[in-house]
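Descriptive structure summary
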Amino acid sequence: MSKNKFVGVAYWTLSTPREDWLAEALKVLRVLEMAGLATVVNHCLPAGDQMTVVFGDEQFTLLVNNRQGRGVVRASPSAGCFVLCLVALRKALGDISVVTDSQQTVSARPRQSDPLYSSDWLRIAPVAQQLGLICDEAFVARHSSVFTNVF
């Protein structure tokens, strides 16, 4: 059991020299909106710039103030989807770290066996595919000889 005051499935911290990090993050996550999997909105607030990612009825936010930010991803049906968003941002833009409650870095390669994703893989897989974190079925079909020989 964690001794942390804020318990969640993952934690993220951001420290960037870039003024436009959140604007670039919006571009990375727009693919989810175009695929109809989520809604992504940026807000300029007095407390800093904020991005809201909505999966169904659940909202997740990234607040960045003075190029710094941190947050907790609390357990929920869409928590794994948001963790994938954070991982995709780390992969595309850098400057953000994502760790589990046990301080383990969240892998950039989501797997169905991972406890973060295993309970809802059918919902997780399309999000991971849109974010370029796993191959989609069309890619596997196009390169079936490679997958057959290697895997």
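Attention here is on the structure that accompanies the text. These numbers come from a predicted model, not from an experiment. (Residues numbered from 1 in each chain as written. Predicted model: local features only at pLDDT ≥ 70, side-chain atom pairs only at ≥ 80, totals over all residues. Heavy atoms only, no water.)

1. A look at the pattern of salt bridges
Under the counting rule described, the total for this entry stands at four salt bridges. Its salt-bridge partner being Glu-19, residue Arg-67 comes within 3.4 Å of it at the nearest N-O pair. Here the residue Arg-67 occupies a position in the loop between β4 (58-64) and β5 (68-73), and Glu-19 occupies one in the loop between β1 (10-15) and α1 (21-34), the gap between them amounting to 48 residues. A residue is classified by how much of its surface remains accessible, and Glu-19, at 66% relative accessible area, is exposed. The salt bridge partner of Glu-33 is Arg-30, with a shortest N-O separation of 2.3 Å. (Salt bridge = Lys/Arg side-chain N within 4 Å of Asp/Glu carboxyl O. Helix = DSSP H or I, 4+ residues; strand = E, 2+ residues; numbered from the N terminus. Buried < 20%, exposed > 50% of the residue type's maximum accessible area, 1.4 Å probe, protein only.)

2. Comments concerning the environment of Val-73
Looking at the secondary structure, you find Val-73 in strand β5. Beyond its immediate chain neighbours, meaning those up to four positions away, Val-73 contacts Gly-8, Val-9, Ala-10, Trp-12, Phe-60, Ala-79, Phe-82, Val-83 and Leu-86. (Contact = heavy atoms within 4.5 Å.)

3. Remarks on α1
If you check α1, its first and last C-alpha atoms are 21 Å apart, about what 14 residues at 1.5 Å a residue would give, namely 20 Å. Taken as a whole, α1 carries its principal kink of about 35 degrees at Val-28. For α1, every residue scored as buried is listed here: Trp-21, Leu-22, Ala-25, Leu-26, Leu-29 and Leu-32. (Expected span 1.5 Å × (residues − 1). Bend = angle between axes of the 7 residues up to and from the residue.)

4. Let's talk about the packing of helix α2 (residues 79-93) against helix α3 (residues 121-130)
Where α2 contacts α3, the axes come no closer than 9 Å and their chain directions differ by 20 degrees. By the angle between their directions, the pair α2 and α3 is classed as roughly parallel. As α2 packs across α3, the resulting crossing turns out to be right-handed. Between α2 and α3, the contacting residues are Gly-80, Cys-81 and Leu-84 on the first element and Arg-123, Ile-124, Val-127 and Ala-128 on the second. Here the residues of the contact of α2 with α3 are counted per class, giving five nonpolar, one polar and one charged. (Axes fitted to C-alpha atoms, helices over the stretch in contact; angles between N-to-C directions. Parallel < 35°, antiparallel > 145°, perpendicular 65-115°, else oblique. Left-handed = near helix turned anticlockwise from the far one by under 90°. Nonpolar A, V, L, I, M, F, W, Y, C, P; charged D, E, K, R; others polar.)

5. Things to note about the sheet that holds strand β2 (residues 39-45)
Strand order across the open sheet formed by three strands is β2-β3-β4, with antiparallel pairing between neighbours. Only two strands of the sheet have a single partner each, and these edge strands are β2 and β4. Averaged over all neighbouring strand pairs, the angle between strand axes comes to 20 degrees, with direction disregarded. Alignment of strand β3 (residues 48-55) against β4, held across seven bridges, turns out to be antiparallel. (Pairing = 2+ DSSP bridges.)

In short, the description is geometric, and any link to function would need to be established separately.
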